[in-house]
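# Per-entry structural report
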Amino acid sequence: MGDNKDLFLLDGNSLLHRAFYALPESLETSQGQCTNAVFGFTKMLLRLIEEQDPNALAVAFDLKGPTFRHEEYQQYKAQRKETPDKLKPQFAMVKEVLAAFKIPVLELEGYEADDIIGTLARVGEKEGYAVTIVTGDRDALQLVTEQTEIMYTKRGISNIINYDLAAVREEYELEPQQLIDLKGLMGDKSDNIPGVDGIGIKTATKLLHEFDSLEEVLANIDQVSGKKRKENLTKQAEQARMSKSLARIELEVPLDYDLQNFTLTEPDQEQLIEVLGKLEFNSLLQELGGYETLSFSDQGQLITELTEVEDLVTKLKQVAKFSFNFNFSNTELYRQEVEGLAIACSAEEAYYLDFNELATTKVLALLKECFKQEEIAKLSPGAKENVLFLKESGIELAGLSFDPLLADYLLQPSAKEYSLAELVQTHLQHELAEDYSLVQEETAAVRVLFELEEILEEELVQRDLLELFKEMEVPLVAILAELELNGIMVDRLELERLSAALAEKLEEISEQVYELADEEFNLNSPQQLGDILFEKLGLPVIKKTKTGYSTSASVLEKLKDQHEIIPLVLEYREYQKLKSTYVDPLADLINPQTQRIHSSFNQLVTATGRLSSTDPNLQNIPIRTEAGREIRKVFVAEEGHQLLAADYSQIELRVLAHISGDESLIQTFIEEEDVHTRTASEVFGVAPAEVSYQQRRRAKAINFGIAYGISPWGLAKDIDVSQKEAEDYINQYFERYPRVKDYMDQSIEQAKEEGYVTTLLNRRRYLPEIKSSNYHRRSFAERMAVNTPIQGSAADIMKLAMLAVAEELKQEQLQTKILLQVHDELVFEVPKSELGEVEEMIKAKMEGVIDLATPLVIDLKIGANWRDMEELALE
DNA sequence: ATCCCCTGCAA
DNA sequence: TATTGCAGGGGAT
């Protein structure tokens with residue numbers, strides 16, 4: 001006694017269940033095997049070992065089949081739902097993990113994990129251990145003693161509460177053993193233990209305070225207050241005794257374990273790597289440093305002499321392909337500092353060209369021919385940055401054939417991020433270690449590409465994604481690099497004027513607001529604003545957020561007439577948004593040399609295949625309000641040029657018409673009718689000419705809603721009608737466009753059966769949660785199943801258009817530049833001399849890029865800046 | 001510093 | 001409790 005030995009006993013069943021419900025079922029291996037519970041459990045186990053450093057640890061499990069409790073009471077746990085199908089196989093997995101950790105697994109026929117744990121806890125106490133029981137089951141609290149405490153996972157698996165003797169006494173006002181009596185009296189719904197009718201926790205606790213134990217209560221029923229209660233206790237005395245007996249954790253399970261064998265030792269490293277690898281727990285593997293290190297030593301050769309570069313060039317001209325990657329240091333805004341270049345001719349032969357020793361321009365001059373030669377295939381990780389740097393250096397890379405990150409994006413479009421290190425881990429089972437020398441590190445990154453190309457392209461072939469990869473995504477890299485390099489010119493003076501004007505207005509409005517509020521506060525703080533509006537001014541609360549009152553525009557809109565402060569706040573919000581999100585940040589991103597802004601267009605972000613834009617995001621520049629639209633004035637065409645905007649008219653609805661095959665919808669577009677008016681006419685049953693403004697507006701919302709996987713609730717909120725009314729509209733819509741309804745059902749069905757949905761060009765999105773038992777998650781996945789083929793196909797079409805237009809511009813040696821892509825719109829900068837030719841070419845190329853059941857129509861606009869643009873009528 | 005929440009901008 | 005994104009400011013840690 002008294003020495004510091006700790007014994008940890010884990011309730012495997014309880015913890016695995018907890019983990020299962022706490023983590024998304026979408027946590028699965030690439031084979032679709034759900035691993036969320038194992039992951040959660042393993043993570044918790046690791047944390048436990050690290051933080052608590054126990055001497056001994058074991059995990060107990062229930063076995064299938066009846067226990068001694070069932071013999072006593074057939075209904076025991078009878079109402080328990082069956083273990084979910086996705087959880088069942090995870091028990092075997094977790095046992096493999098435990099085996100690798102050399103942690104004993106305890107099970108015994110006829111007993112629950114609780115009983116095994118209880119018995120061993122007592123044995124441990126006798127042998128002088130401080131015992132800790134880890135479980136998500138409160139029943140275990142009856143086991144608490146001076147020497148035994150419980151770690152209870154309150155919610156999920158990370159929120160843990162420790163119960164020692166004092167904590168149990170405080171919470172229940174009872175001794176731990178009395179918790180058994182408590183259950184005898186009050187029962188337990190979750191285990192189907194009956195207890196005594198009419199006795200809940202309050203009464204049970206009171207009775208136990210008075211009589212100490214169930215037996216004493218029953219022996220003194222005459223002293224219990226309340227006639228009905230007496231009656232129930234008398235009648236159900238036997239049931240109470242049985243309940244108590246069921247609730248008692250067995251402490252004398254016949255076990256022949258020797259606690260000596262529970263001593264925690266080093267895991268079986270090899271087995272652990274295998275198991276965690278199989279489960280694809282890469283982050284855990286990394287934490288454990290479980291990967292062997294590739295023997296990269298003296299495979300990468302450092303080059304510091306120009307003569308060596310010349311030799312390399314000779315070599316490169318003879319190979320069929322090579323991989324390369326620049327080593328960028330600080331990714332400064334306008335200036336990419338480049339430290340070196342790694343090049344590999346094969347997985348075994350790689351070089352690092354150190355630009356601190358070599359003149360960058362000289363090296364590039366030597367390599368230029370190799371980079372430009374189409375016949376030599378190039379592999380590059382994060383190719384866009386590399387292509388962009390070469391472009392800046394005046395070299396047009398040709399023959400780009402593989403980027404591992406891009407391949408991974410098509411294979412796992414919903415991943416959070418893509419990294420070479422991660423790919424190397426999963427597919428090559430090696431660590432791209434960071435503790436190498438710079439040369440080895442950089443060369444390793446290009447050496448691995450050859451093997452990754454083979455593995456990932458095989459995967460792409462199997463999923464019918466290779467063509468999309470080779471013909472679309474890889475060629476698009478160069479175009480995106482071009483967009484970024486081109487940038488768009490910004491009128492800095494105009495920007496400063498805007499900023500000053502907004503500042504002045506904000507100042508003015510905020511003063512009025514403070515006046516009305518009779519105090520100064522931070523108008524940018526929703527919290528403070530909420531206090532002022534709903535407490536100080538007593539305005540009615542429309543909606544609450546998790547943290548307080550909602551002050552969103554939709555709420556304020558409803559309060560507009562209630563207090564003159566509201567319109568001012570709305571106005572303030574609008575200007576503040578414009579100034580802080582658009583005007584001021586834009587100024588910082590102008591390249592002072594060129595007066596242009598060079599946004600990043602990211603190809604690896606969206607789950608649907610769209611592009612995204614950052615630094616700044618040029619895909620969400622305001623347009624809907626007059627004040628917002630002002631911002632567009634600062635984006636201008638260079639001297640002697642015009643901006644040309646080409647946008648696909650109603651592309652998503654045309655795509656929907658095509659993939660659903662709905663005749664009526666197709667006809668709308670063939671006849672080039674106004675689609676919203678037509679929908680209004682169908683849904684509201686009036687002639688197209690009779691459609692009112694409001695009806696068209698509502699129909700527009702319905703059309704949008706359809707593409708998003710509409711719900712009555714969402715539509716109702718959007719157009720501010722009752723949910724019932726929205727439901728009627730939707731039903732009417734489906735009546736009129738039955739094939740659209742069929743499409744939605746089929747898409748969801750496909751996701752359920754195949755696990756994914758596809759776009760026109762075969763892009764995939766996996767939707768594992770479509771089978772989730774959680775209503776919200778399942779519904780969400782269903783809406784994605786409806787929306788992704790629509791949004792994704794439109795994205796495919798736009799990418800095709802970019803390729804076609806860029807190709808033609810190059811072919812015809814036109815000076816017109818592509819500047820921006822905004823999902824359904826491309827913005828070009830056109831020399832005035834090229835205008836006529838380019839307008840026609842762009843319209844034709846974009847409209848003719850794919851053949852659908854509906855025509856594709858491009859609207860063209862032209863102007864000196866992005867705000868003042870005029871429709872162009874070609875024909 | 002970093003993260004989460006609320007808000008709001010676009011297609 | 002409508003799809004896909006990016007980003008600012010406030011505020012807690």
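Residues numbered from 1 in each chain as written. Chains lettered and ligands numbered in written order. Predicted model: local features only at pLDDT ≥ 70, side-chain atom pairs only at ≥ 80, totals over all residues. Heavy atoms only, no water.

### Things to note about the overall build of chain A
Across its full length, chain A holds 34 helices and 27 strands. When each of the 875 residues of chain A is scored for burial, the buried share is 52%. Sequence-distant contacts in chain A: of pairs separated by 6 or more residues, those separated by 24 or more amount to 67%. Only carbon and sulfur atoms are counted for the fraction: they give 46% of the accessible area of chain A, which is about 41,100 Å². Computed over 91 positive and 157 negative side-chain charges, the separation of the two mean positions in chain A equals 6 Å. (Helix = DSSP H or I, 4+ residues; strand = E, 2+ residues; numbered from the N terminus. Buried < 20%, exposed > 50% of the residue type's maximum accessible area, 1.4 Å probe, protein only. Contact = heavy atoms within 4.5 Å. Areas by Shrake-Rupley, 256 points an atom, 1.4 Å probe, with all protein chains shown as cover. Lys, Arg positive; Asp, Glu negative; His and termini not counted. Charge placed at Lys NZ, Arg CZ, Asp CG, Glu CD.)

### Observations regarding the domain arrangement of chain A
Taken domain by domain, chain A consists of domain 1 (5-176 + 258-262), domain 2 (300-487), domain 3 (489-593) and domain 4 (653-788). A separation of 46 Å is found between the C-alpha centroids of domain 2 and domain 3. (Domains from an automatic or database assignment.)

### Describing the packing of aromatic side chains
What the rule picks out here adds up to 22 aromatic pairs. Their ring planes at 65 degrees and their centres at 6.2 Å tell us that Tyr152 and Tyr163 sit as a pair that is edge-to-face. Of this pair, Tyr152 sits in strand β5 (residues 148-155) while Tyr163 sits in strand β6 (residues 159-163), and the two are 11 residues apart along the sequence. Here Tyr152 falls in the buried class, since its relative accessible area comes to 7%. Ring pairing ties together the aromatic residues Phe322, Phe324, Phe326, Phe328, Phe355, Phe371 and Phe389, which thus form one cluster. (Phe/Tyr/Trp six-rings, centres within 6.5 Å; stacked < 30°, edge-to-face > 60°.)

### Regarding empty space enclosed by the protein
Tallied over the entire structure, the rule returns two cavities of 30 Å³ or more. Each pocket or cavity is described by its volume, and for the largest cavity that value is around 60 Å³. Looking at the second largest cavity, its volume works out to about 30 Å³. Considering the residues around the second largest cavity, the lining is formed by Leu483, Gly487, Ile488, Ile597, Ser599, Phe601, Leu618, Leu819 and Leu820. Residue composition of the lining of the second largest cavity, by class: seven nonpolar, two polar and no charged. (1 Å grid on protein atoms, 1.4 Å probe; cavity = no way out; pocket = protein on both sides within 12 Å on 5 of 7 lines; lining within 4 Å. Points joined across faces, edges and corners; volume = space filled by probe spheres on them. Nonpolar A, V, L, I, M, F, W, Y, C, P; charged D, E, K, R; others polar.)

### A few points about the protein's contact with DNA strand B
Around DNA strand B, a shell composed of 21 residues is seen, among which Thr551, Ala553, Asn620, Ile623 and Asp824 lie nearest. Counting only atoms of DNA strand B within 4 Å of the protein, the fraction found in sugar and phosphate groups is 75%. In this structure, Val822 approaches DNA strand B through a main-chain N or O atom, which is 3.4 Å from a sugar or linking oxygen. One of the side-chain nitrogen or oxygen atoms of Asp824 is found 2.8 Å away from a sugar or linking oxygen of DNA strand B. Here the surface near DNA strand B takes three residues from helix α24 (residues 565-588), the largest share from any one element. (Near = heavy atom within 4 Å. Polar contact = N/O pair within 3.5 Å; in protein donor to acceptor, adjacent residues only side chain to side chain.)

### Side note on the protein's contact with DNA strand C
Among the 32 residues in the neighbourhood of DNA strand C, the closest are listed as Asn522, Trp713, Asp718, His776 and Phe780. Each atom of DNA strand C within 4 Å of the protein was assigned to sugar, phosphate or base; sugar and phosphate come to 78%. A distance of 2.4 Å separates a base oxygen of DNA strand C from a polar side-chain atom of Trp713. Between DNA strand C and Asp718, the relevant distance is 2.5 Å, taken from a base nitrogen to a side-chain nitrogen or oxygen of the residue. Elements with a minimum of two residues in the surface near DNA strand C: α24, β19 (612-614), α29 (693-707), α30 (712-719) and α33 (775-811). The leading source of residues in the surface near DNA strand C is α33, at six residues. Broken down by class, the residue content of the surface near DNA strand C amounts to nine nonpolar, 17 polar and six charged.

### Side note on helix α1 (residues 12-22)
Among the residues of α1, Gly12, Asn13, Ser14, Leu15, Leu16, Ala19 and Phe20 are the ones counted as buried. The N-cap of α1, judged by a side-chain oxygen 3.2 Å from the amide nitrogen of Asn13 a few residues on, is Asp11.

### A short note on a negative patch on the surface
Together, Glu504, Glu507, Glu508, Glu511, Glu515, Asp518, Glu520 and Glu571 line one region of the surface with negative charge. At five residues, the largest contribution of residues to the negative patch is made by helix α21 (residues 492-517). Along the chain, Glu571 turns up in helix α24. Overall, the relative accessible area of 32% leaves Glu571 in the partly exposed class. (Patch = residues over 30% accessible without salt bridge, like charges linked within 9 Å, V, L, I, M, F, W, Y side chains within 5 Å. Salt bridge = Lys/Arg side-chain N within 4 Å of Asp/Glu carboxyl O.)

### Let's talk about the pairing of strand β27 (residues 869-872)
As a general feature of sheets, a regular strand has side chains that alternate between the two faces. As defined by bridge partners, strand β26 (residues 858-863) adjoins β27 across four bridges and the pair is classed as antiparallel. In the sheet register, Ile862 faces β27, and the bridge partner there is Glu870. Connecting β26 to the next strand, β27, in antiparallel fashion are five residues. (Pairing = 2+ DSSP bridges.)

### Brief notes about the packing of helix α17 (residues 404-411) against helix α20 (residues 466-486)
In the contact formed by α17 and α20, the axes pass within 11 Å of each other and the chain directions differ by 130 degrees. Taken together, the axes of α17 and α20 are oblique relative to one another. As α17 packs across α20, the resulting crossing turns out to be right-handed. On α20, the residues that touch Leu406, Ala407 and Leu410 of α17 are Leu468, Phe469, Glu473, Val474 and Val477. A per-class count over the contact of α17 with α20 returns seven nonpolar, no polar and one charged. (Axes fitted to C-alpha atoms, helices over the stretch in contact; angles between N-to-C directions. Parallel < 35°, antiparallel > 145°, perpendicular 65-115°, else oblique. Left-handed = near helix turned anticlockwise from the far one by under 90°.)

### Structural notes on the side chain of Asn232
Take Asn232: it is sitting in helix α10 (residues 227-235). Beyond its immediate sequence surroundings of up to four residues, Asn232 is in contact with Val196, Asp197 and Ala237.

### Section: the pairing of β26
Here strand β21 (residues 641-648) pairs with β26 via six bridges, running antiparallel. The partner of Leu643 across the bridge, within β26, is Gly863.

### Describing the sheet that holds strand β16 (residues 590-591)
Taking strand neighbours across the sheet as the criterion, the four strands line up as β16-β17-β13-β20 in an open arrangement whose pairing is antiparallel. The open sheet is flanked by β16 and β20 (635-636), the only strands paired with a single partner. Relative to β20, strand β13 (residues 488-490) runs antiparallel, the two sharing two bridges. Bridge pairing links Val490 to Phe635 in β20.

### Observations concerning the pattern of salt bridges
Under the counting rule described, the total for this entry stands at 42 salt bridges. Between Asp188 and Lys183 there is a salt bridge, with its nearest N and O atoms 2.5 Å apart. The exposure class assigned to Asp188 is buried, which follows from its relative accessible area of 14%. A relative accessible area of 11% places Lys183 in the buried class. With a shortest N-O distance of 2.9 Å, Glu638 and Arg596 are connected by a salt bridge. In this pair, Glu638 sits in the loop between β20 and β21 while Arg596 sits in strand β17 (residues 596-597), placing the two residues 42 residues apart along the sequence. Exposure remark for Glu638: the relative accessible area of 28% places this residue in the partly exposed category. Looking at Arg596, the relative accessible area reads 5%, which means it is buried.

### A word on the nonpolar core
Among the nonpolar cores identified, the biggest contains 150 residues, and Phe326, Leu353, Phe635, Tyr648 and Met846 are the most heavily contacted of them. Counting residues per element, this core draws most heavily on α24, which supplies 11 residues. In terms of domain composition, this core takes at least three residues from each of domain 2 (300-487) and domain 3 (489-593). In contact with Phe635, not counting residues within four places along its chain, are Ile488, Met489, Val490, Leu586, Leu618, Ile621, Leu643, Ala864, Asn865 and Trp866. In terms of nonpolar packing, the next biggest core, distinct from the first, is built from 45 residues, Ala58, Ile117, Tyr129 and Val217 among them. (Core = buried A, V, L, I, M, F, W, Y, C linked by side-chain atoms within 4.5 Å.)

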